[in-house]
Structure formats: C-alpha cells, structure tokens
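Chain and residue survey
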Amino acid sequence: MWYHKPAINEELLQSLPNLKVVASSGVGIDHLDLKLLSSYGVKVANTPSIVSTDTADLGMALVLASSRRLVEGHDMAVSPDTEYFPADWLGAEVSGATLGIVGMGTIGYKVAERAKAFEMKILYHNRNQRKKEEESAVGAVYCKKIDDLLQQSDFMLLAVNLTPQTHKLIGKRELELMKPTATLINISRGLVVDQDALVEALQNNVIKAAALDVTYPEPLPRDHPLLKMKNVIITPHIGSATKKTRWIMMEEMAESIEAGLAGLPIPREVL
C-alpha cells in the first residue's frame, strides 16, 4: 500500500482469498482495520523506523520556516510588485523559545534533539514519561497535563499517532489555551486537529500561525480557507519524502511481503 491505496475493505478481502500479507508504507496504520484483516488471516507490516529522521527534520524545518516567515519572504522577494524590503517586516526568534512536543515517541524525541541545538526550551506531553536520562539528554521537561504544555509553548508540535484517543485532540478549547503568539506545527495526521476550529483560531488571532504537513482531506479543496492565509504554511505530507528513505521503505515492504509469502516471521509486523 502506498498513500493508503488500495483501500483494504471486506469487498477487496473477499475478492482475494489467497491474500497473506499487506505491507503499508510509513508508520501510521489508522487507515487499516486490523481486526478485519486478522479475521481473514491476513498479516500486516509497516515501515516505522526509517521515517523518523526525515520526519523530524521536516518538523524542525517547519518550525524555522514559520518563525522566520520564509514563504512570505520568498513571495515578497520574487514579486514583480516589490520595490523595497520593509525594515519592519519581522519574524520570531527560535533560539530561547519554548517548543512543546505532543507525542514523545521516536519522531518527537528526534525533534527534541534538533531543537536542543537551537537552544530551545523543550516541554513534552506523552502517555508515558521518558526516562530521566533521556529527558536530560535533550533538556526536556515532562508535562503530565497537556494544558500545561499548551499554555507555555511558543511553538507546539504534534507528533502523535492517529487513534480514537487523539482524533481531534487539538480543538477549540486547546487552541484557546495557547498563547496568541504561538504557532501550531502538525507532522502527525490531519485529523489530530479540529481543522474548522483551527481556521477560526487563525482568523480571530487566537494563535499566530500554523505550519502543517498534514491536513484532511489531502489535498485540501482548492477553495479551503487555510490555503488563503499568509500565516499558514502547508506542505504535501512529505515527512518521509527523501530519495534514500523512500527507497528503503520500498525495500522493507518487499522484504515483509517475501517473508509473508514464504511463511516466515514478518519483519516489522503490526500486531
């Protein structure tokens, strides 16, 4: 499966009685009905580890691009209408700012490692607290309650899996807890954020900006309000989109398929 295609539903499973394994690209499995697949005796594999580094790189890139208004700046620099660069056109500091990370798994932790190099203060919220030595290595402080993180963060980055518990995790209430100068960065899944609430928050200056690698749907309808906002950066779900990583993802998927067909233990099997 690539980009969640083909859709694995009961009709497809009934038409493929010899199907043994589904290999899905990336780490997310929210598009798969694991119970349904299991009932047909079909095993599932994904490619979770290889995507982490590139996705963390993109997360940090979105922090930098939004803070320094790179897309707006590029548009100004190349516009045929630009006659001078205004001296009061300013961005926000990254060094010394507070980064709140929601979801401190492999990707979230790698973002923290990069943020430490930018001298950022790092807060995180996670189902489970990291080991003290892991926290110390990146200077991260655990927030048991997500509200504490929201109220303190200058940049709030989402790196959680999409589950029933994280569906629209960030809605109107959570956005109103954020600083009016804060930026929301989402590198997880679009449905982790209530998109209508986000549009309203950006229009009413509840938060300052957003940088999104994921939306729902993807791509957004061409008349969607988010596409018209200067304080929003949207990239086309490219967290793992580097040549080397995509090549390795394909190799891992092929390896899982070969193992499944041979009746061998499947690498990276989703249980």
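The shown structure was predicted, so the numbers you read here are calculated from the model rather than taken from an experiment.

As a further point, take the overall build of the protein. For the protein, the count of helices and strands is 10 helices and nine strands. Taken against the 2.2 N^0.38 rule, which gives 18 Å for 271 residues, the C-alpha radius of gyration of the protein at 20 Å falls within 12% of a compact globule. For the C-alpha atoms alone, the extent of the protein along its principal axes is close to 65 × 50 × 35 Å. Per-residue burial for the protein yields a buried fraction of 44% across its 271 residues. Entry remark: accessible area of the protein is about 14800 Å², with carbon and sulfur atoms responsible for 55%. Positive and negative charge centroids in the protein, built from 29 and 33 side chains respectively, lie 4 Å apart.

Attention now goes to the UniProt feature "domain: D-isomer specific 2-hydroxyacid dehydrogenase catalytic" (unreviewed entry) in the protein. The sites that UniProt annotates as "domain: D-isomer specific 2-hydroxyacid dehydrogenase catalytic" (unreviewed entry) are residues 2–270. Taken end to end, residues 2–270 has its terminal C-alpha atoms 16 Å apart, with 36% of it in helix and 13% in strand.

Moving on to the sheet that holds strand β9 (residues 232–234). As summarised here, the arrangement of the seven strands in space is β5-β4-β3-β6-β7-β8-β9, forming an open sheet in which the pairing is parallel. Sheet topology places β5 (140–142) and β9 at the edges, where each strand pairs with a single neighbour. Strand-to-strand twist of the sheet, defined as the mean angle between neighbouring strand axes without regard to direction, takes the value 15 degrees. Taken together, the four bridges between strand β3 (residues 98–102) and strand β6 (residues 155–158) define a ladder with parallel strand orientation. In the strand pairing of β6, Val102 is matched with Leu158.

UniProt marks residues 60–239 with the feature "domain: D-isomer specific 2-hydroxyacid dehydrogenase NAD-binding" (unreviewed entry), using the numbering shown here. Here residues 60–239 is 32% helix and 16% strand, with 11 Å between the C-alpha atoms at its ends.

This brings us to the domain arrangement of the protein. Split by domain assignment, the protein resolves into domain 1 (10–49 + 242–262) and domain 2 (51–78 + 92–234). Measuring from the centre of the C-alpha atoms in domain 1 to the corresponding centre in domain 2 gives 29 Å. Residue-level contacts link 10 residues of domain 1 with five residues of domain 2. Together, the buried faces of domain 1 and domain 2 total about 650 Å²; carbon and sulfur atoms form 48% of this surface. Its largest share of buried area at the contact with domain 2, domain 1 owes to Val27, Asp30 and Ser49, together 54% of the area lost on that side. Inspection of the domain 1/domain 2 interface yields one salt bridge. Two residues, Asp30 and Arg189, come together in a salt bridge whose shortest N-O distance is 3.3 Å. The tally of links between domain 1 and domain 2 comes to five residue pairs in polar contact (both at pLDDT 80 or more). The class makeup of the residues in the side of domain 1 that touches domain 2 is three nonpolar, six polar and one charged.

Next up on the list: helix α10 (residues 243–261). Given a rise of 1.5 Å per residue, 19 residues ought to cover 27 Å, and the 27 Å separating the end C-alpha atoms of α10 matches this to within 8%. In the core, the buried residues of α10 are packed alongside β1 (21–23), β2 (43–45) and α3 (52–67).

The alternating pattern of β6 places Phe155 and Leu157 and Met156 and Leu158 on opposite faces, both of which are buried. This β-α-β element, β6 to helix α8 (residues 172–177) to strand β7 (residues 183–186), shows right-handed connectivity.

Take the nonpolar core next. With 29 residues, the main nonpolar core has Met156, Leu175, Leu184, Leu198 and Leu226 as its most contacted residues. Elements that contribute at least two residues to this core include exactly α7 (146–152), β6, α9 (195–203) and β8 (209–212). Top contributing element to this core by residue count: α9, with five residues. If sequence neighbours within four positions are ignored, Leu198 has contacts with Leu175, Leu184, Val193, Ile207, Ala210, Leu212 and Leu226. If you look at the next biggest cluster of nonpolar residues, it comprises 28 residues, including Leu58, Ala97, Ile107 and Ala115.

Scoring rules and cut-offs
- Residues numbered from 1 in each chain as written.
- Predicted model: local features only at pLDDT ≥ 70, side-chain atom pairs only at ≥ 80, totals over all residues.
- Heavy atoms only, no water.
- Helix = DSSP H or I, 4+ residues; strand = E, 2+ residues; numbered from the N terminus.
- Rg over C-alpha atoms; globule rule 2.2 N^0.38 Å.
- Buried < 20%, exposed > 50% of the residue type's maximum accessible area, 1.4 Å probe, protein only.
- Areas by Shrake-Rupley, 256 points an atom, 1.4 Å probe, with all protein chains shown as cover.
- Lys, Arg positive; Asp, Glu negative; His and termini not counted.
- Charge placed at Lys NZ, Arg CZ, Asp CG, Glu CD.
- UniProt positions renumbered as here; feature names shortened; annotations may be inferred.
- Pairing = 2+ DSSP bridges.
- Axes fitted to C-alpha atoms, helices over the stretch in contact; angles between N-to-C directions.
- Domains from an automatic or database assignment.
- Contact = heavy atoms within 4.5 Å.
- Buried area = accessible area lost by both parts, 1.4 Å probe.
- Salt bridge = Lys/Arg side-chain N within 4 Å of Asp/Glu carboxyl O.
- Polar contact = N/O pair within 3.5 Å; in protein donor to acceptor, adjacent residues only side chain to side chain.
- Nonpolar A, V, L, I, M, F, W, Y, C, P; charged D, E, K, R; others polar.
- Expected span 1.5 Å × (residues − 1).
- Right-handed = clockwise from strand over helix to strand, strands pointing away.
- Core = buried A, V, L, I, M, F, W, Y, C linked by side-chain atoms within 4.5 Å.

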